[in-house]
Amino acid sequence: MRRITILFLFLVSGIGAVAGQAVRFELKDTLLISGAPTGIPVEVYNFESVVSFQFSIGWDSTLILQEAQFDPAFESGLVVNTFDNHINISWLGPVGGLSLPDGAIFADLFFDTRGCPGDSATVGLTEEYIPWEVGVLEDGNLNLVPPDTLPNLTTWRAPQILPFQDTLICEGNSLTVTAACEGCVEFAWGGNVDGASIEIDTTGVFPLTAISENDCIFQDSLSVKVDSFQLEVLRDTILCPEDSIQLALPDTLVAYNWSTGETEASITAFSGGLYAVTVTNLNGCTATDQASVEAEDLPMGIPFADPPTLCPGDSTLLTLDTASVEMVQWLDAEGRLIAIDSVAIRVSPDSTQTFSVISTNGCGADTAVVAIELVEFEGSAGQDTCIAEGTSLELGATGGTSYRWIEQEYPVNPANIPNPVVQPADSSWFVVEITGAAGCVILDSVFVEVATNPLASIRPISLITPNGDGMNDQLFFPNLMKFPNNELTVWSRWGQAVYQKSGYQQDDELWEGTHNGRPLPDGEYFYLLEVNGERIQQTLSIIRE
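A brief structural summary. (Residues numbered from 1 in each chain as written. Predicted model: local features only at pLDDT ≥ 70, side-chain atom pairs only at ≥ 80, totals over all residues. Heavy atoms only, no water.)

Moving on, we come to the nonpolar core. Membership of the largest hydrophobic core comes to 32 residues, with the highest contact counts inside it found for F25, F47, F53, F55, I57 and F106. For this core, the secondary-structure elements that each account for two or more residues are β3 (22-27), β5 (37-45), β6 (50-59), β7 (63-70), β9 (86-92), β10 (104-113), β12 (123-126) and β13 (133-138). Setting aside anything within four residues of it in sequence, one finds F53 in contact with F25, F47, F74, I89, S90, W91, F106, E133 and V134. In terms of nonpolar packing, the next biggest core, distinct from the first, is built from 24 residues, F477, V498, Y525 and L529 among them. (Core = buried A, V, L, I, M, F, W, Y, C linked by side-chain atoms within 4.5 Å. Buried < 20%, exposed > 50% of the residue type's maximum accessible area, 1.4 Å probe, protein only. Helix = DSSP H or I, 4+ residues; strand = E, 2+ residues; numbered from the N terminus. Contact = heavy atoms within 4.5 Å.)

Okay, the sheet that holds strand β31 (residues 309-310) next. Across the sheet, 5 strands lie side by side as β31-β37-β36-β33-β34; this open sheet has mixed pairing. Single-partner strands in this sheet number two, and they are β31 and β34 (337-340). Inspection of the sheet shows strand β36 (residues 353-361) paired to strand β37 (residues 364-374) by 9 bridges, in the antiparallel sense. Bridge pairing in β37 places F355 opposite V370. (Pairing = 2+ DSSP bridges.)

Moving on to the sheet that holds strand β32 (residues 316-323). Strand order in the open sheet formed by 3 strands is β30-β32-β35, with antiparallel pairing between adjacent strands. Of all strands in the sheet, those with a lone pairing partner are β30 (300-306) and β35 (344-347), marking the two edges. Across the sheet, the mean angle from the axis of one strand to that of its neighbour is 20°, orientation sign disregarded. As paired strands, β30 and β32 are joined by 7 bridges and run antiparallel to one another. Along β32, the bridge assignment pairs I302 with D321. (Axes fitted to C-alpha atoms, helices over the stretch in contact; angles between N-to-C directions.)

We now examine a nonpolar patch on the surface. Together, M300, I302 and F304 give the surface a local cluster of nonpolar side chains, amounting to about 270 Å² of exposed area. A relative accessible area of 39% means that I302 is categorised as partly exposed. (Patch = residues over 30% accessible without salt bridge, like charges linked within 9 Å, V, L, I, M, F, W, Y side chains within 5 Å. Areas by Shrake-Rupley, 256 points an atom, 1.4 Å probe, with all protein chains shown as cover. Salt bridge = Lys/Arg side-chain N within 4 Å of Asp/Glu carboxyl O.)

A word on the pairing of β9. Of all 7 residues making up β9, 5 are buried, and the element is well covered by its neighbours. Pairing geometry for strand β8 (residues 78-82) and β9, over 5 bridges, is antiparallel. When the bridges of β9 are listed, L78 appears paired with W91. In textbook terms, the turn of a hairpin is the stretch between consecutive antiparallel strands, and for β8 and β9 this stretch comprises 3 residues.

In short, the description is geometric, and any link to function would need to be established separately.
This is the structure in structure tokens:
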């Protein structure tokens, strides 16, 4: 790129009102804008009692004079001739001369500049075209003085080709920038985008090169920052009955626009719904946020048992009807946790019990109870027993309201009574289904042993000592309870019957050596025990001392 020096020359001629000081025409140093019209002022100093002047101002080919404007004080008597590379100026003033203050602008010369940034050019007084002289009145005499010249330098600067240098855009937006300058014919952004315009949506520095019709190269850059403003403050929440919720945002933002119409940083929610807000930050960027406020009732849980009444060994299903419940806890009668987060559980209590259930949500807890009644029911098929071969036996189930003997090898008839008669040929189990209160059913069994020789399992007894010491106080035959079909008779040694009992040892009555409630004297006695037609005959001694 070429560089041209612009030299402004000062014209000095004549002796002014202040002795020894010359009238001076000064072209100020000026920074020219490439491709743009530029004005260069011509100032005067020591301009006292000046009656005439003439001089030329010349310039090089990088400048083209477009217009010359003069102080109205010089309109009369001013002669100007303009050429391609200079201007001739002459003036004949009033008889008494003209005085101007120092720094007064005599003329403005407007040039169309052709230089590039960093170039310079010469503009100044020249004697090449007309002689220089200034006429000054001094003590009534006209003095014509040849001028002295002083150079002055000016340079060009690049024109403004961008509308701004640094800027900011909001995330999600884009910015279209168009470069422009007087006389520019080509533009290139970063070497990748040709043309004056570019669309920007990212953070970065974007260099620009412009070329003028004079082949001047102008360079600049645009710094762009993307404001990625986001707002993630609000959180979904619940609103309990008779409560309120404050939705708060930072108070450092410049504008708030809530969906409720409110414009403060914080608002209070008194009801459920979706609360949205749009905010603006200091850079003018906007962001949105929202919170769902769910109006929640107090929790309620109602437990049910199906069935509420149980038979021993059975189970029931506990279910919970809920409203606004988030968590469920089941507790047993002793307050121990037995299940969690289940609306239905199955339990098998071993007694009448009360179960608790706690229903909770973010607003509180609700506790309810459900009672399970266990039917107290005991049924029995009877004591295991023993019979002699070929004999029959009356079974004896108890504790129920109805009975059903299960069919098996040996007939039980009728099967729907508690005490049917059976005659098994060998030892057998007999099973009965007993129905009791609330329709509860249990199964029980009795073992009937069929003995081919019953007396072999019964040991004869020859002595009792009914003295109250708890040893041998009663007449007791081991295994006799297996043979309910028996009869016991006891005689004194004179043949008097002192005790008689059918089905001995089938109940709580045992003989203690008494007759009619009185103790018998010590001595020898005789008894006969008949079991299923078989007999045991034995003497028995009673000794109390």
